[in-house]
Amino acid sequence: MKKLLILSILLLTSFIIFADAISIAIGTDATTDAILDFSENSDENSKYVNFGFTGSDVTAITPKIENGKSEVKLSLDTSVKGKVTASNAVAGETEDALYVFCQAVTGTPFTLTLKINEPMTAESAGTGTPTLNWSVTVDKDDPVSDVTISSDTSDGNTGSTLLVDHKATDPIQVLFSHKLTIKTEDVSALTQGKYKGTLVLTTKSGS
């Protein structure tokens, strides 16, 4: 009986020592962080800002538009009595559609501005080259009103419009596509030639 008691005590003591060794080895919890960084200084591969001009509406963030539209054809418009203007959207003619777009996934603040570079000029540059004022109307999504910019700013017209003012507190996704309607002033008194004007998109980081 004494031998059985001693053996039981020894087994119990061994179990207690073993149990203490396990509890010491477990220690504290292990942790790991999952991070999605869209901050201003994050990896450039995780964000992008893509913008430009196309001939059709852009309705999705991906795929990114790779090849934009570099020129648009204007046709003569005689619908206004006593004037002859030109436009890329003439009733009864083949419309040459033009859209300005922006696809962006970023946490970095940025602005995007559309502006008319200057009046149209004849390609045969030289002294006394005639110029032609023109305007561009940005077809904004309802209920936002359309915006018109002009190369002639002498009458209080504006030559540029802010399209995007993306702040760090805004959602990381930016997507828009606005149709552009180009219209010139009266061309009746112009001399013969090929006239060209330039629309410019400019962007700045930070706001």
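For the structure given in this document, a descriptive report is provided here. (Residues numbered from 1 in each chain as written. Predicted model: local features only at pLDDT ≥ 70, side-chain atom pairs only at ≥ 80, totals over all residues. Heavy atoms only, no water.)

## Some details on the sheet that holds strand β7 (residues 131-132)
Two pairing modes exist for strands in a sheet, parallel and antiparallel, and in both the strands are linked by backbone hydrogen bonds.
Line of reasoning, step 1. Spatially, β7-β6-β12 is the arrangement adopted by the three strands of the open sheet, whose pairing is antiparallel. Whereas interior strands pair on both sides, the edge strands pair on one side only; in this sheet they are β7 and β12 (195-196).
Line of reasoning, step 2. Across two bridges, the pairing between strand β6 (residues 120-122) and β12 is antiparallel. The residue of β12 that forms the bridge with A122 is Y195. (Pairing = 2+ DSSP bridges. Helix = DSSP H or I, 4+ residues; strand = E, 2+ residues; numbered from the N terminus.)

## Focus on the environment of G193
Line of reasoning, step 1. Structurally, the position occupied by G193 is in the loop between β11 (173-184) and β12.
Line of reasoning, step 2. It is 9.2 Å that separates the C-alpha atoms of G193 and T121, two residues lying 72 residues apart in sequence.

## A word on the sheet that holds strand β5 (residues 110-116)
Line of reasoning, step 1. Reading across the sheet, the three strands line up as β10-β5-β13 and stay open at both edges, with antiparallel pairing between neighbours. Pairing within the sheet leaves two strands with one partner each, and these edge strands are β10 (160-166) and β13 (199-205). Looking at each pair of strands side by side, their axes are set apart by 15° on average, direction ignored.
Line of reasoning, step 2. The pairing of β5 with β13 spans seven bridges and is antiparallel. Each bridged residue has a counterpart across the sheet, and for F110 the counterpart in β13 is S205. (Axes fitted to C-alpha atoms, helices over the stretch in contact; angles between N-to-C directions.)

## Overview of the packing of aromatic side chains
Line of reasoning, step 1. On inspection of all chains with the given rule, the structure shows zero aromatic pairs.
Line of reasoning, step 2. One residue, K64, lies across the ring of Y48, its end atom 4.5 Å from the ring centre. (Phe/Tyr/Trp six-rings, centres within 6.5 Å; stacked < 30°, edge-to-face > 60°. Lys NZ or Arg CZ within 6 Å of the ring centre and 35° of its normal.)

## Concerning the nonpolar core
For soluble globular proteins, the rule of thumb is that nonpolar side chains tend to be buried together.
Line of reasoning, step 1. Counting residues in hydrophobic clusters, the biggest one holds 26 residues, and the most contacted among them are F53, L114, V136, L163, L180 and L199.
Line of reasoning, step 2. Elements that contribute at least two residues to this core include exactly β4 (99-105), β5, β6, β8 (134-139), β10, β11 and β13.
Line of reasoning, step 3. Discounting chain neighbours no more than four positions away, the residues touching L199 are F53, L98, L114, K115, I116, W134, V136, I149 and L180. (Core = buried A, V, L, I, M, F, W, Y, C linked by side-chain atoms within 4.5 Å. Buried < 20%, exposed > 50% of the residue type's maximum accessible area, 1.4 Å probe, protein only. Contact = heavy atoms within 4.5 Å.)

## Remarks on the environment of F110
Line of reasoning, step 1. Residue placement: F110 occurs in strand β5.
Line of reasoning, step 2. When the C-alpha atoms of F110 and S205 are compared, they prove to be 4.3 Å apart, with 95 residues separating the residues in sequence.
Line of reasoning, step 3. When neighbours within four sequence positions are excluded, F110 is seen to be in contact with V49, C102, A104, V164, D165, H166, T203, K204, S205 and G206.

## Digging into the pattern of salt bridges
Pairing is possible between side chains of opposite charge, provided their charged atoms come close.
Line of reasoning, step 1. On inspection of all chains with the given rule, the structure shows three salt bridges.
Line of reasoning, step 2. Two residues, K69 and D96, come together in a salt bridge whose shortest N-O distance is 2.5 Å. Pair noted here: K69 is in the loop between β1 (48-54) and β2 (75-77) and D96 is in the loop between β3 (85-87) and β4, with a separation of 27 residues, a long-range link.
Line of reasoning, step 3. On the basis of relative accessible area, D96 is assigned to the buried category, the value being 19%. (Salt bridge = Lys/Arg side-chain N within 4 Å of Asp/Glu carboxyl O.)

## What to know about the side chain of N88
Line of reasoning, step 1. Position of N88 among the secondary structure elements: in the loop between β3 and β4.
Line of reasoning, step 2. For N88, a relative accessible area of 4% puts it in the buried group.
Line of reasoning, step 3. A distance of 3.2 Å separates a polar atom in the side chain of N88 from the backbone oxygen of L180.
Line of reasoning, step 4. Among all residues touching N88, those that are not within four sequence positions of it are V72, K73, L74, E95, D96, L98, L180, T181 and I182. (Polar contact = N/O pair within 3.5 Å; in protein donor to acceptor, adjacent residues only side chain to side chain.)

## Considerations on unusual backbone geometry
Line of reasoning, step 1. Following T62, the chain continues into P63 via a peptide bond in cis, with omega recorded as 0°.
Line of reasoning, step 2. Here P63 is to be found in the loop between β1 and β2.

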